[in-house]
Amino acid sequence: DQDKLKAAMNADMEWIKRSIEASGLTAAGPMRIISTEFGTQNYTFDVAVPVRRGTAADAAAGTVTTSPAEQLTGLKLQGPVQYLHTQPGRAATASYTGYMAELENVRNALRAWALTQGYEATDRPYEVYKNGIDNAFTENGQYDVFWKLK
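Residues numbered from 1 in each chain as written. Predicted model: local features only at pLDDT ≥ 70, side-chain atom pairs only at ≥ 80, totals over all residues. Heavy atoms only, no water.

## Concerning the overall build of the protein chain
Line of reasoning, step 1. What the protein chain contains, in helices and strands, is 4 helices and 7 strands.
Line of reasoning, step 2. Along the chain direction, N to C, the helices and strands of the protein chain fall in the order α-β-β-β-β-α-β-α-β-α-β.
Line of reasoning, step 3. Counting every position in the protein chain, which comprises 150 residues, the buried fraction comes to 31%.
Line of reasoning, step 4. Looking at the protein chain alone, contacts between residues at least 24 apart form 62% of all its contacts between residues at least 6 apart.
Line of reasoning, step 5. Total accessible area on the protein chain stands at roughly 9,100 Å², and carbon and sulfur atoms take up 49% of it. (Helix = DSSP H or I, 4+ residues; strand = E, 2+ residues; numbered from the N terminus. Buried < 20%, exposed > 50% of the residue type's maximum accessible area, 1.4 Å probe, protein only. Contact = heavy atoms within 4.5 Å. Areas by Shrake-Rupley, 256 points an atom, 1.4 Å probe, with all protein chains shown as cover.)

## Some details on the nonpolar core
Line of reasoning, step 1. Among the nonpolar cores identified, the biggest contains 30 residues, and Met 9, Met 31, Ile 33, Tyr 43, Met 100, Tyr 129 and Tyr 143 are the most heavily contacted of them.
Line of reasoning, step 2. Secondary structure elements with two or more residues in this core: helix H1 (2–22), strand S3 (43–48), strand S5 (91–97), helix H3 (103–116), helix H4 (133–136) and strand S7 (142–148).
Line of reasoning, step 3. With 5 residues, the top contributor of residues to this core is H1.
Line of reasoning, step 4. Discounting chain neighbours no more than four positions away, the residues touching Met 100 are Leu 5, Met 9, Phe 38, Tyr 43, Tyr 129, Ala 136, Phe 137 and Tyr 143. (Core = buried A, V, L, I, M, F, W, Y, C linked by side-chain atoms within 4.5 Å.)

## Observations concerning H3
Line of reasoning, step 1. Here H3 contains 14 residues, and its C-alpha end-to-end distance of 20 Å stays within 8% of the 20 Å for a straight helix at 1.5 Å per residue.
Line of reasoning, step 2. The positive-phi residue at the C-terminal boundary of H3 is Gly 118, with phi of around 90°. (Expected span 1.5 Å × (residues − 1).)

## Points about H1
Line of reasoning, step 1. Compared with the 30 Å implied by 1.5 Å per residue over 21 residues, the 30 Å span of H1 between its first and last C-alpha is a close match.
Line of reasoning, step 2. All of the buried residues along H1 are Leu 5, Met 9, Met 13, Ile 16, Ser 19 and Ile 20. End-on, the buried residues of H1 take up no more than an arc of 120°, which puts them together on one face. Exposed residues on H1 whose side chains face more than 90 degrees from its buried face are Asp 3, Lys 4 and Glu 21.
Line of reasoning, step 3. Here the buried face of H1 lies against strand S1 (25–27), strand S2 (32–38), S3, strand S4 (51–53), strand S6 (126–129) and H4. (Arc of directions from axis to C-beta.)

## Section: the packing of aromatic side chains
Line of reasoning, step 1. In the structure shown here, the tally under the stated rule is 4 aromatic pairs.
Line of reasoning, step 2. Where Tyr 96 meets Tyr 143, the ring centres are 5.8 Å apart and the plane angle is 20°; that geometry is what we call stacked. A residue pair is termed long-range when its members are at least 10 positions apart, and Tyr 96 in strand S5 and Tyr 143 in strand S7 qualify at 47 residues.
Line of reasoning, step 3. By relative accessible area, which is 17% here, Tyr 96 ends up buried.
Line of reasoning, step 4. By relative accessible area, Tyr 143 is classed as buried at 1%. (Phe/Tyr/Trp six-rings, centres within 6.5 Å; stacked < 30°, edge-to-face > 60°.)

## Describing the pattern of salt bridges
Line of reasoning, step 1. The full count for this structure, using the stated rule, is 5 salt bridges.
Line of reasoning, step 2. Close ionic contact of Glu 14 with Arg 18 constitutes a salt bridge, the shortest N to O distance being 3.3 Å. Taken together, the residues span about one helical turn, with Glu 14 and Arg 18 both in helix H1 at a distance of 4 residues.
Line of reasoning, step 3. For Asp 144, the salt bridge identified is with Lys 130, shortest N-O distance 3.6 Å. Of this pair, Asp 144 sits in strand S7 while Lys 130 is found in the loop between S6 and H4, placing the two residues 14 residues apart along the sequence.
Line of reasoning, step 4. Residue Lys 130 is classed as partly exposed on the basis of its relative accessible area, which comes to 47%. (Salt bridge = Lys/Arg side-chain N within 4 Å of Asp/Glu carboxyl O.)

## Section: the side chain of His 85
Line of reasoning, step 1. As for its position among the elements, His 85 is in the loop between helix H2 (56–61) and S5.
Line of reasoning, step 2. There is a polar contact of 3.2 Å between the side chain of His 85 and the side chain of Tyr 83.
Line of reasoning, step 3. Only 3.3 Å separates the side chain of His 85 from the side chain of Gln 87, close enough to count as a polar contact. (Polar contact = N/O pair within 3.5 Å; in protein donor to acceptor, adjacent residues only side chain to side chain.)

As far as function goes, none of this settles anything; it's purely spatial.
Next comes the structure, spelled out in structure tokens:
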């Protein structure tokens, strides 16, 4: 049900925004949807936003200096929000425009490309919704798809 998916994604983003503000953080990149299971009856996913110390005003002023290796502590996480620290790494990437329902085909093609190039796709794939959650449910959805490589 598209309306339920949109509502769930928007609710998760609201909790993340509250946690970012309460913890004195700023977004270090766009929202990501990390797929766990994408089937005809079930779609399970996590919503994530990379963050760093400092407010949006600090970032605009160029005074945010969090390194990718720094673990963030003392966070005031709201609702279901969890903090997960990940290390930078290599990823295969593709861009796609169209309905969100077709992202599974894009993910499969990206994984197949990585395999033919001698890489192993690991972990879960994720997408950056370039023009927002609401547009993801139309033919105008724009995405960057990523899959971590080993």
